[in-house]
Amino acid sequence: MTARILDGKMIANTIRQEVALKVAQFKEKFSKSPKLVAVLVGDDPASQVYVRNKEIACSKAGIESQVLRLECSTTTENLLEILEDLNADDTVHGILVQLPLPTHIDSRAVLDRIEPSKDVDAFSPENVGLMSQGRPRFLPCTPHGVMQLLDRCSIPICGKEVVVVGRSDIVGKPLVMMCLQKTGPAGHDNANATVTCCHSQTTDLGSITRRADVLLVAIGKPNWINAQMVKPGAVVIDIGINRLNDRLVGDVDFDSVSQVACAITPVPGGVGPLTIAMLLENTIRAAQQQQSQTQTSA
Ligand code: GUN
């Protein structure tokens, strides 16, 4: 069997066009632009590229964006003050702090300071709680991208065995919650899976991944999942982005797994482009929510 390749880039482009339309309608109706501010501390090369890509994507969707590039020596206190100002600024609808932060900064304290209604990454305890209860304000961008990909490629997960490999707060845990819900993220029915989560301490990983009808992999280890660990005919979604010998590779050994899976995402060009598309979606959503909040309280 040779797997169907799931084209995340194409789906991301469709979502970006949908967002651009919503942005145009918002501007027309309220004579203002949705605005995203990204905070980047230090000079991590990968983070610089990610933030630049977010800036370009905002511009293409008609969203105003600003990047605050701060010295590596920035302290937790400096950052908390900056966030207070952004929280209070009515022209700013979305705030994101690019991770990882330098190790001397208390990342938890920083993320906790972002006003939840502007938390377009959906990392705050309030937004994680709302999402877990199935009444999300925003959905975290990468897991939401995975759910959109499954939905738009007509891959149902209802009643299926979904195995998530990885338990990070950003990807693994929210994916588990989303797949478990009674209804899917956009109110569709694509959820209701039987979900197992594996991690670095899981014994005999392959015996569990082989049960999966849909295997979602986010462990950050290059080519970790091989063909022997995948059930023939499974759908495999690779959420990893690793640099190996100057090439980008996923967490899944694409060449061998694509011979047993029925569908697979490539790296690059799979889940990656969807993360940015969902950030744009959260930003217009934040602007719409804040606008209706202002109107209700006026
Ligand atoms: N670093 C890696 N992924 C992400 C993400 O989704 N959001 C932020 N803010 N930083 C990241």
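Cut-offs used in this document
- Along each chain, the written sequence defines residue order, and numbers are assigned to residues from 1.
- The predicted nature of this model means local features are confined to residues of pLDDT at least 70 and side-chain atom pairs, given and counted, to a pLDDT of 80 or more, with totals for whole chains, interfaces and linings taken over all residues.
- Excluded from the side-chain calculations are hydrogens and water; all other atoms, namely the structure's heavy atoms, are used.
- Following DSSP output, two strands are said to pair if at least two bridges run between them.
- Going along the chain from the N terminus, every DSSP run of H or I of four or more residues is numbered as a helix, and every run of E of two or more is numbered as a strand.
- Every axis corresponds to a line fitted to the C-alpha atoms, with the helix fit spanning only the stretch in contact, and the corresponding angles, defined between N-to-C directions, vary from 0 to 180 degrees.
- Residues are labelled near a given molecule or strand when at least one of their non-hydrogen atoms is within 4 Å of it.
- What sets the accessible areas is the Shrake-Rupley method with a 1.4 Å probe; for residues, cover comes only from the shown protein chains.
- Throughout this entry, Asp, Glu, Lys and Arg are counted as charged residues, while Ala, Val, Leu, Ile, Met, Phe, Trp, Tyr, Cys and Pro are counted as nonpolar. The remaining residues, Gly among them, count as polar.
- Working rule for contacts: check all heavy atoms of both residues, and any pair within 4.5 Å makes them a contact.
- Oblique is the label for any angle not under 35 degrees, not over 145, and not in the 65 to 115 range, which are roughly parallel, roughly antiparallel and roughly perpendicular in turn.
- Accessible area is worked out with a 1.4 Å probe on protein chains only. A residue is then buried under 20% of its type maximum, exposed over 50%, and partly exposed in between.
- Patch membership needs two things, relative accessible area over 30% and no salt bridge, and members are linked within 9 Å if like-charged or within 5 Å if nonpolar (Val, Leu, Ile, Met, Phe, Trp, Tyr).
- Whenever Lys or Arg places a side-chain nitrogen within 4 Å of a carboxyl oxygen from Asp or Glu, that contact is recorded as a salt bridge.
- Charged residues are defined narrowly, with Lys and Arg counted positive, Asp and Glu counted negative, and His plus the chain ends left uncounted.
- Note that the charge is assigned to NZ on lysines, CZ on arginines, CG on aspartates and CD on glutamates.
- Residue types Ala, Val, Leu, Ile, Met, Phe, Trp, Tyr and Cys, when buried and joined through side-chain atoms within 4.5 Å, form a set referred to as a nonpolar core.

A.B. asks: For this particular structure, what's the right way to read the sheet that holds strand β2 (residues 35-41)?
C.D. replies: Hydrogen bonding along the main chain pairs the strands of a sheet, whether they run parallel or antiparallel. One open sheet holds the 3 strands; their spatial order is β3-β2-β4, and the pairing between them is parallel. The open sheet terminates on both sides in strands that have one partner only, identified here as β3 (64-70) and β4 (94-97). Each adjacent strand pair in this sheet contributes to an overall mean axis angle of 15 degrees, direction not counted. Looking at chain direction, β2 and β3 are connected through 7 bridges and run parallel. Across the sheet, the residue bridging to Val 41 is Leu 70, located in β3.

A.B. asks: What is the right way to look at the site of the ligand in this model?
C.D. replies: As a structural note, the neighbourhood of the ligand is formed by Leu 96, Val 97, Gln 98, Leu 99, Asp 121 and Phe 123. Across the complex, the protein chains shield 80% of the 280 Å² of accessible surface that the ligand would expose by itself. Looking at the shell around the ligand residue by residue, the class counts come to 4 nonpolar, 1 polar and 1 charged.

A.B. asks: It is not clear to me how the side chain of Glu 281 should be interpreted in this structure. Could you clarify?
C.D. replies: Mapped onto the fold, Glu 281 is located in helix α10 (residues 272-297). With sequence-adjacent residues up to four places away left out, Glu 281 is seen in contact with Val 19 and Lys 22.

A.B. asks: In this structure, what is going on with the packing of helix α6 (residues 141-152) against α10? I would like to understand it.
C.D. replies: Angle between the axes and distance between the axes: these two values describe a pair of packed helices. At a minimum axis distance of 8 Å, the contact between α6 and α10 shows a crossing angle of 105 degrees. Compared by their axis directions, α6 and α10 come out roughly perpendicular. For the pair α6 and α10, contact is made by Cys 141, Thr 142, His 144, Gly 145, Gln 148 and Leu 149 and by Leu 274, Thr 275, Met 278, Leu 279 and Asn 282, respectively. Its residues assigned to classes, the contact of α6 with α10 shows 5 nonpolar, 6 polar and no charged.

A.B. asks: What is the right way to read the environment of Ala 261 from this model?
C.D. replies: Positionally, Ala 261 belongs in the loop between α9 (254-257) and β11 (263-264). For Ala 261, a relative accessible area of 0% corresponds to the buried category. Taking the C-alpha atoms as reference, Ala 261 lies 26 Å from Ile 15; in sequence the two are 246 residues apart. Among residues more than four places away in sequence, those in contact with Ala 261 are Met 1, Thr 2, Ala 3, Gly 233, Ala 234 and Val 236.

A.B. asks: Quick question: what am I supposed to make of a negative patch on the surface here?
C.D. replies: Together, Glu 77, Glu 81, Asp 85 and Asp 106 make up a negatively charged patch on the protein surface. Residue placement: Glu 77 occurs in helix α3 (residues 76-88).

A.B. asks: How should the nonpolar core be read in this particular structure?
C.D. replies: Grouped burial of nonpolar side chains is what soluble globular proteins tend to show. If you look at the biggest cluster of nonpolar residues, it comprises 55 residues, and the most contacted ones within it are Leu 216, Ile 237 and Ile 239. Per-element tally for this core: the top contributor is α10, with 9 residues. The residues contacting Ile 237, other than those within four sequence positions of it, are Leu 6, Val 146, Leu 149, Leu 150, Leu 215, Leu 216, Val 217, Thr 265 and Val 271. One finds Ala 3, Ile 208, Val 217 and Val 236 within the second-largest nonpolar core, a separate group that totals 18 residues.

A.B. asks: What is the right way to read unusual backbone geometry from this model?
C.D. replies: Leaving glycine aside, a negative phi is the common case for residues, and trans is the common case for peptide bonds. Between Leu 99 and Pro 100 the backbone carries a cis peptide bond, its omega angle lying at 0 degrees. Secondary-structure assignment places Pro 100 in the loop between β4 and α4 (107-113). Residues Val 267 and Pro 268 are joined by a peptide bond in cis, for which omega reads 0 degrees. The backbone of Ser 154 sits at a positive phi, close to 55 degrees, despite the residue not being glycine. You can call Ser 154 exposed: its relative accessible area is 62%. At Asn 245, a position not held by glycine, the phi torsion is positive, near 45 degrees. Here Asn 245 is to be found in the loop between β9 (242-244) and β10 (247-249).

A.B. asks: Which parts of the structure should I look at to understand the sheet that holds strand β6 (residues 194-198)?
C.D. replies: Spatially, β1-β11-β8-β7-β5-β6 is the arrangement adopted by the 6 strands of the open sheet, whose pairing is parallel. Of all the strands in the sheet, just β1 (4-5) and β6 have a single pairing partner and so form its edges. Pairing analysis gives 2 bridges linking strand β8 (residues 235-238) to β11, with the strands arranged parallel. Bridging across to β11, Val 236 finds its partner in Ile 264. Each of β7 (214-217) and β8 touches α6; the most contacted strand, β8, lies at about 150 degrees to it.

A.B. asks: Where do I start with the pattern of salt bridges in this structure?
C.D. replies: Side chains that differ in charge, positive against negative, can pair when their charged atoms come close. Scanning all chains against the criterion turns up 11 salt bridges. A salt bridge links Glu 55 to Arg 52; its shortest N-O distance comes to 3.0 Å. Highlighted residues: Glu 55 and Arg 52, both in helix α2 (residues 45-61), separated by 3 residues, approximately one helical turn. Judged by relative accessible area, Arg 52 falls into the partly exposed class, the value being 42%. A salt bridge links Glu 126 to Arg 137; the nearest nitrogen and oxygen atoms lie 2.9 Å apart. Placement of the pair is Glu 126 in helix α5 (residues 125-132) and Arg 137 in the loop between α5 and α6, with a sequence separation of 11 residues. Sharing partners across several salt bridges, the network here consists of Arg 52, Glu 55 and Arg 69.

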